[in-house]
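As a plain string of letters, each chain reads:
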Amino acid sequence: MTEQNNEVSALAERLESGDRRAAARIISMLEDNDTGARDIIKAIYPKTGKAHIVGITGPPGAGKSTLADKLTRAVRASGRSVGVVAVDPTSPFTGGALLGDRVRMQDHFTDPEVFIRSMATRGWLGGLAKATKDVVKVMDAMGKDVIFVETVGAGQSEVSIIQAAHTSIVVEMPGLGDDIQAIKAGIMEIGDIFVVNKSDRADSARTVSEREMMLDLNQSKAAWRPPVLQTVARDNKGIEELLVKIDEHMVHLRDSGQLDDYFKKQVRAEFEDLLREELAKYMLEEYTAKNVLEKVLEKLERRELDPYSAVQQLMEPLCKK
Amino acid sequence: MPKKIRVLIAKPGLDGHDRGAKVVARALRDAGMEVIYTGLHQTPEQIVETAIQEDVDHIGLSLLSGAHMTLIPRVLELMKTNNMEDVTLSAGGIIPDEEAEMLKAQGVVGVYGPGTPTQEIVDFIKNTVKRK
């Protein structure tokens, strides 16, 4: 136990001095839900909360990785350091994954101020992996100024990114769906910035005007009206303008007090998630050990009990003072 | 939760044929591993830095260019400089038998020529990965 504590504090120290191997090891521990992982978070938590976290989401093939690559270059040119967390899906059949986002990011592999980590979803839904937020914390504690979080290729409702990022960029390309798609709920609502990538293709202007129209339909008079930008990430076109908007959004969050709200919400959501998880785990273990769970499940199978009453029964001892 | 095996599949040097690398990457994926694929034309420095950041257990290099006696020893050297004793390295592609033996003597754990069944590679990696 103490041996492990020593190992954990040594890792945390190495992380703070920017040791990339320590960072990589810590991230693996978080991904594997290793017992040392929570001690690591304990150690680094006070050092987090400084980075600007930028989410990049959108359908597969829209150009998220290429944009992340070009944005990384632009942020580096402004003298800031960068972390990239790139999430790709885990196979529901084999548990394996092919993580290929790095293919587009080769220019930065040997830049010591850039740290890139590929993550598999490992069964987690919503566009991110379970450990993504904690991995962002590791890069934050490393001192990375801007952290890009690239989601899996997103459909309509992979919207977890809004809980993980200060600024969410929704990337689209011309010719995907019409103006009805644009006013649907879900991913089209979450963008702080909309990007129509591959805008050298036909129909780009129409896609932009449909997005603009959707945003103009929005009744709320929020101070930040999401801009719609055109890029050709492959040719590095429109990237500078996009970075300007990303930085402007952070200024807006700060000036309007929304950043404080964001932190409040984020802290609460994180705490609630963890509490829920730990509580459920504890109860399942307790009732399994007492052989209660099995009997309840049998009653459920025979339809002698319904799931709501079963949960209520098990909750009763907890609710009594 | 059992630890996932993470493998980097990389193509060092200048050849542009990555079909073999992709077939192997796919087979490892189907065997439940997390495979990081980085694409063509990688320098040894890029490969080793990626292996560090991704915390992989194993690196698989694919070479068809004939430069394996230059590039693979350079990767091994960089792994040594970075104290990556817990990461194993294998190579696939067109590598003559006698040179395969020389590479193994330098620390490459496996060399796979054309026609190697993918299951053999999967089993080999599962068995050689040094658990951390």
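Being a predicted model, the structure only gives us computed values, none of them experimental. (Residues numbered from 1 in each chain as written. Chains lettered and ligands numbered in written order. Predicted model: local features only at pLDDT ≥ 70, side-chain atom pairs only at ≥ 80, totals over all residues. Heavy atoms only, no water.)

1. Regarding the packing of aromatic side chains
Point 1. Summed over all chains, the structure comprises two aromatic pairs over all chains.
Point 2. Geometrically, the ring pair formed by Y262(A) and F263(A) is edge-to-face, given 5.8 Å between the ring centres and 70° between the ring planes.
Point 3. Among the residues examined, Y262(A) registers a relative accessible area of 14% and is labelled buried.
Point 4. Ring centres of Y112(B) and F124(B) lie 6.0 Å apart, and the angle between their planes is 80°; this geometry places the pair in the edge-to-face category. (Phe/Tyr/Trp six-rings, centres within 6.5 Å; stacked < 30°, edge-to-face > 60°. Buried < 20%, exposed > 50% of the residue type's maximum accessible area, 1.4 Å probe, protein only.)

2. Quick look at the pattern of salt bridges
Point 1. Under the counting rule described, the total for this entry stands at 42 salt bridges over all chains.
Point 2. Salt bridges linked by common partners bring E31(A), D32(A), R102(A), R117(A), R122(A), R6(B), E34(B) and E54(B) together as one network. (Salt bridge = Lys/Arg side-chain N within 4 Å of Asp/Glu carboxyl O.)

3. With respect to the nonpolar core
Residue and element names in this part refer to chain A.
Point 1. Ranked by size, the top nonpolar core spans 47 residues in total, and within it L15, I44 and V138 carry the most contacts.
Point 2. Counting residues per element, this core draws most heavily on helix α2 (residues 20-31), which supplies seven residues.
Point 3. Not counting chain neighbours up to four residues away, the residues in contact with V138 comprise L15, A23, I26, I27, L30 and I44.
Point 4. I56, I169, M173 and A233 belong to the second-largest nonpolar core, a separate cluster that totals 29 residues. (Core = buried A, V, L, I, M, F, W, Y, C linked by side-chain atoms within 4.5 Å. Helix = DSSP H or I, 4+ residues; strand = E, 2+ residues; numbered from the N terminus. Contact = heavy atoms within 4.5 Å.)

4. Considerations on the confidence of the model for chain A
Point 1. Per-residue confidence for chain A gives a mean pLDDT of 89, with 95% of residues at or over 70.
Point 2. Taking the mean pLDDT of every element in chain A, the minimum, 67, falls on helix α7 (residues 179-183) of chain A and the maximum, 97, on strand β5 (residues 146-150) of chain A. (pLDDT = per-residue confidence, 0-100.)

5. What to know about the packing of α2(A) against helix α2 (residues 44-53) of chain B
Point 1. One can describe the packing of α2(A) onto α2(B) by two numbers: an axis separation of 7 Å at closest approach and a directional angle of 45°. Looking at the two axes, α2(A) sits oblique to α2(B). Between α2(A), through R20(A), R21(A) and A24(A), and α2(B), the contact on the second element is made entirely by E49(B), I52(B) and Q53(B).
Point 2. Looking at the contact of α2(A) with α2(B) residue by residue, the classes come out as two nonpolar, one polar and three charged. (Axes fitted to C-alpha atoms, helices over the stretch in contact; angles between N-to-C directions. Parallel < 35°, antiparallel > 145°, perpendicular 65-115°, else oblique. Nonpolar A, V, L, I, M, F, W, Y, C, P; charged D, E, K, R; others polar.)

6. Let's talk about the sheet that holds strand β1 (residues 6-10) of chain B
Point 1. Across the sheet, six strands lie side by side as β3(A)-β2(B)-β1(B)-β3(B)-β4(B)-β5(B); this open sheet has parallel pairing. Sheet topology places β3 (97-99) of chain A together with β5 (110-112) of chain B at the edges, where each strand pairs with a single neighbour. Neighbour-to-neighbour, the strand axes of this sheet turn through a mean angle of 20°, independent of strand direction.
Point 2. Its contacts with the sheet place α2(B) against β1, β2 (34-37) and β3 (58-63) of chain B, and it is angled at close to 165° to β1(B). (Pairing = 2+ DSSP bridges.)

7. Considering the layout of surface pockets
All names here are of chain A.
Point 1. Estimates place the volume of the largest pocket at around 1,200 Å³.
Point 2. What lines the largest pocket is a set of 36 residues, and nearest its centre among them are K130, D134, E270, L274 and E277.
Point 3. Mapped by element, the contributors of at least two residues to the lining of the largest pocket are α2, α3 (37-44), β4 (114-120), α5 (132-141) and α10 (258-289).
Point 4. When residues of the lining of the largest pocket are assigned to their parent elements, the largest contribution, nine residues, is made by α10.
Point 5. In the lining of the largest pocket, the residues fall into 16 nonpolar, six polar and 14 charged. (1 Å grid on protein atoms, 1.4 Å probe; cavity = no way out; pocket = protein on both sides within 12 Å on 5 of 7 lines; lining within 4 Å. Points joined across faces, edges and corners; volume = space filled by probe spheres on them.)

8. Points about the domain arrangement of chain A
Point 1. The domain architecture assigned to chain A consists of domain 1 (1-46), domain 2 (48-256) and domain 3 (267-319).
Point 2. A separation of 32 Å is found between the C-alpha centroids of domain 1 of chain A and domain 3 of chain A. (Domains from an automatic or database assignment.)

9. What to know about the interface of chain A and chain B
Point 1. Each partner contributes to the interface: chain A provides 28 residues, whereas chain B provides 32 residues.
Point 2. Viewed at the interface, chain B and chain A are joined by eight salt bridges.
Point 3. The residue D34(A) makes a salt bridge to K3(B) at a minimum N-O spacing of 3.8 Å.
Point 4. For the interface between chain A and chain B, the tally reads 26 residue pairs in polar contact (both at pLDDT 80 or more).
Point 5. Broken down by secondary-structure element, the contributors of at least two residues to the side of chain A that touches chain B are α2, β3 and β4 of chain A.
Point 6. Residues of the side of chain A that touches chain B, tallied by class, amount to ten nonpolar, nine polar and nine charged.
Point 7. Taken together, the three bridges between β3(A) and β2(B) define a ladder with parallel strand orientation. Residue L99(A) lies in a different strand from β2(B), and its bridge partner there is I36(B). (Polar contact = N/O pair within 3.5 Å; in protein donor to acceptor, adjacent residues only side chain to side chain.)

10. Comments concerning the sheet that holds strand β2 (residues 82-88) of chain A
All names here are of chain A.
Point 1. Strand order across the open sheet formed by seven strands is β4-β2-β5-β1-β6-β7-β8, with parallel pairing between neighbours. The outermost strands of the open sheet, each flanked by one partner alone, are β4 and β8 (228-230). Each neighbouring strand pair of the sheet contributes to a mean axis angle of 20°, computed without reference to strand direction.
Point 2. By the bridge criterion, seven bridges tie β2 to β4 in an arrangement that is parallel. By the bridge assignment, V82 is partnered in β4 with V114.
Point 3. In the packing of α5 onto the sheet, contacts are made with β1 (52-57), β2, β4 and β5, and the angle to β2 comes to roughly 165°.

11. Quick notes on a nonpolar patch on the surface
Residues and elements named next belong to chain A.
Point 1. Judged by side-chain polarity, L279, V311, M315 and L318 come together as a nonpolar surface patch covering roughly 340 Å² of accessible area.
Point 2. It is helix α12 (residues 307-319) that provides the largest number of residues to the nonpolar patch, a total of three residues.
Point 3. Among the residues examined, L279 registers a relative accessible area of 40% and is labelled partly exposed. (Patch = residues over 30% accessible without salt bridge, like charges linked within 9 Å, V, L, I, M, F, W, Y side chains within 5 Å. Areas by Shrake-Rupley, 256 points an atom, 1.4 Å probe, with all protein chains shown as cover.)

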